[in-house]
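# Notes for the structure review
One-letter residues, chain by chain:
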Amino acid sequence: MARATMVDLRPVGYVTGTIVASLGAAMLLPMIADLWDRSGNAAAFAEGAIFSLLFGIFLTLSCRGRSGGLTPRQGFLMTAAIWTILPVFAALPLVLGAPHVRLIDAYFEAVSGLTTTGASVFVGIESLPRGVTLWRSLLNWLGGLGIAFIAMIFLPLLRVGGMQFFRTEGFDTFGKVLPRATDIARELALVYVLLTLACMASYAIAGMPAFEAVAHGLSTISTGGFSPRADSFSGYAPQVHYVAILYMLLGSFPYIRYVQLLRGHAGPLWTDAQVRGYLLWIGVAALGVAGWRVLTSLEPPEPAFRETLFNLVSIMSSSGFGTGDFARWGSFAVIVAMWLGLIGACSGSSAAGLSVFRVQVMFAALAAAIRRQHAPHRVELMRYQGRAVGQDTLDAIILYLGAFLLAFGISALLLVEFGLDMESAIFAAWTAIANIGYGFGPVLERTGTFIDLSDGAKLVMILDMILGRLSLLAILVLAMPRFWQS
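First things first, this report covers the structure right here in the doc. Only a predicted model underlies this, so the values are computations on that prediction, with no experimental measurement involved.

Parameters at a glance
Residues numbered from 1 in each chain as written. Predicted model: local features only at pLDDT ≥ 70, side-chain atom pairs only at ≥ 80, totals over all residues. Heavy atoms only, no water. Axes fitted to C-alpha atoms, helices over the stretch in contact; angles between N-to-C directions. Helix = DSSP H or I, 4+ residues; strand = E, 2+ residues; numbered from the N terminus. Parallel < 35°, antiparallel > 145°, perpendicular 65-115°, else oblique. Left-handed = near helix turned anticlockwise from the far one by under 90°. Contact = heavy atoms within 4.5 Å. Nonpolar A, V, L, I, M, F, W, Y, C, P; charged D, E, K, R; others polar. Core = buried A, V, L, I, M, F, W, Y, C linked by side-chain atoms within 4.5 Å. Buried < 20%, exposed > 50% of the residue type's maximum accessible area, 1.4 Å probe, protein only. Phe/Tyr/Trp six-rings, centres within 6.5 Å; stacked < 30°, edge-to-face > 60°. Lys NZ or Arg CZ within 6 Å of the ring centre and 35° of its normal.

### A few points about the packing of helix α1 (residues 10-26) against helix α4 (residues 72-96)
- Two elements in contact, α1 and α4, have axes whose closest approach is 9 Å; the angle formed by their N-to-C orientations is 30°. When the axes of α1 and α4 are compared, the pair comes out roughly parallel. Remark: the crossing between α1 and α4 carries right-handed chirality. Residues P11, V12, V15, T16, I19, V20 and L23 of α1 touch α4, and the partners they reach there are Q74, L77, M78, A81, I82, I85, L86, F89 and A90.
- Classifying every residue of the contact of α1 with α4 by side-chain character gives 14 nonpolar, two polar and no charged.

The structure is reproduced here in structure tokens:
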């Protein structure tokens, strides 16, 4: 009979402590920004940094030691620990200083930032110190891929390869294009930084003020969605919108393809089935919704197409930026947007949702099942991107799809129980579990944020955001008794 066994938590504590300490060091950047502005809010970031650094260093030192390898259980526990504990420390400056919110609201904002969801409970963003708005964008950037990079760089110190962490993070390395996880992390980090700098420079060239270009550059490449403006991108010139569209797309492509591009292999990026399907679906959806808007409301073609493309790319890439009042475009646009948000962008990026890869495989499996109806004895090997798709892979995708839809439905019902109307509950569950950041419904109309939700509803959304960021199963597996048995 299987029995519960002890798990060596030293590797989990070591990496978690290292990342908490790194987060504390990152707090020095918004502290410097507030010192420069003399906003009086720098002390909050200084206190948060000191506490995070001391806790992280103490935890790292206390868990330091040799480890023969990282087991799957340790990998899952590490992932869960990082994404539940880290927001506590990220929330500290928001409680200690401006905007002086309650811990539940600060934790909601921090989880939203680190999971790159972009849903907010802050009202009047422009009135906050610039250090706070910079911190929100930094949380997006760190949450996108930065935290995974830090973990992968430090894992070799524990004498492990680290591929288990890539699996629990939902990364698809596409056949291990590089031999070691550390090499992957370093090259992906280089790509991530270069794309971020290019995005910032492009925004500045397009006419965006320097600080806003920095903040938006951090949250665009990470597909995070936090903006230093309450109206997001509504007040910017058209050329800024096109820049944002470009980099939201680039941020939601498989990053491993950029590594291959750096190594002189451009072909895999252009021929990737995910990238081609992603661009095709978003292009068809944008043309359809824009055409419908022009025909039904007589809007000028260019603004209609630009705003439609911007918002649909933002939703499908799980970025969460917005222009105008999207909900007023009508039910057709909202339904298309909802489906795109559930599908999400490419596997191997910081975007969430079901992922284009999983949906394409499901479509291929459905087509194969239909063909077998006409030829029951036909043996057909399903392939994706030239590689055979085994039954174990297909079973895992079906399991994920079922878990995603079940979690989505249960979350919506729980939100109704916590006082939301059905429309607001469905879209709140949708925006949280797919890490989108958009909000629709009567509950959000007053402020455009989630501040009016009850504490219970906020907790449901927090759990959904973490589940969506970690591809559900990396967290749900912890609740299975078999996980703790030998």
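### Regarding the nonpolar core
- Among the nonpolar cores identified, the biggest contains 144 residues, and W135, F326 and W430 are the most heavily contacted of them.
- A per-element tally of this core places α4 first, with twelve residues.
- Here W135 is in contact with L23, A26, M27, P30, F45, A90, P93 and L94, once residues within four sequence places are set aside.
- Judged by nonpolar contacts, the second largest core, of eight residues, contains F357, V361, A365 and V389.

### Side note on the packing of aromatic side chains
- Tallying each qualifying case throughout the model produces 22 aromatic pairs.
- For the ring pair Y203 and F233, a centre distance of 6.0 Å and an interplane angle of 45° mean the geometry is tilted. In this pair, Y203 is assigned in helix α8 (residues 181-205) and F233 in the loop between α9 (210-221) and α10 (238-251), connecting sequence segments 30 residues apart.
- Residue F233 is classed as buried on the basis of its relative accessible area of 0%.
- Note on F233 and F321: the rings are 4.8 Å apart at their centroids and 65° apart in plane angle, and the pair reads as edge-to-face. Within this pair, whereas F233 is found in the loop between α9 and α10, its partner F321 is found in the loop between α14 (301-316) and α15 (331-343), the two being separated by 88 residues in sequence. Accessibility assignment for this pair places F233 and F321 in one class, buried.
- By the ring-pair criterion, three or more aromatic residues cluster together here, those being F326, W329, F427, W430, Y438 and F440.
- The ring centre of Y236 lies 4.1 Å from the NZ or CZ of R229, which sits over that ring.

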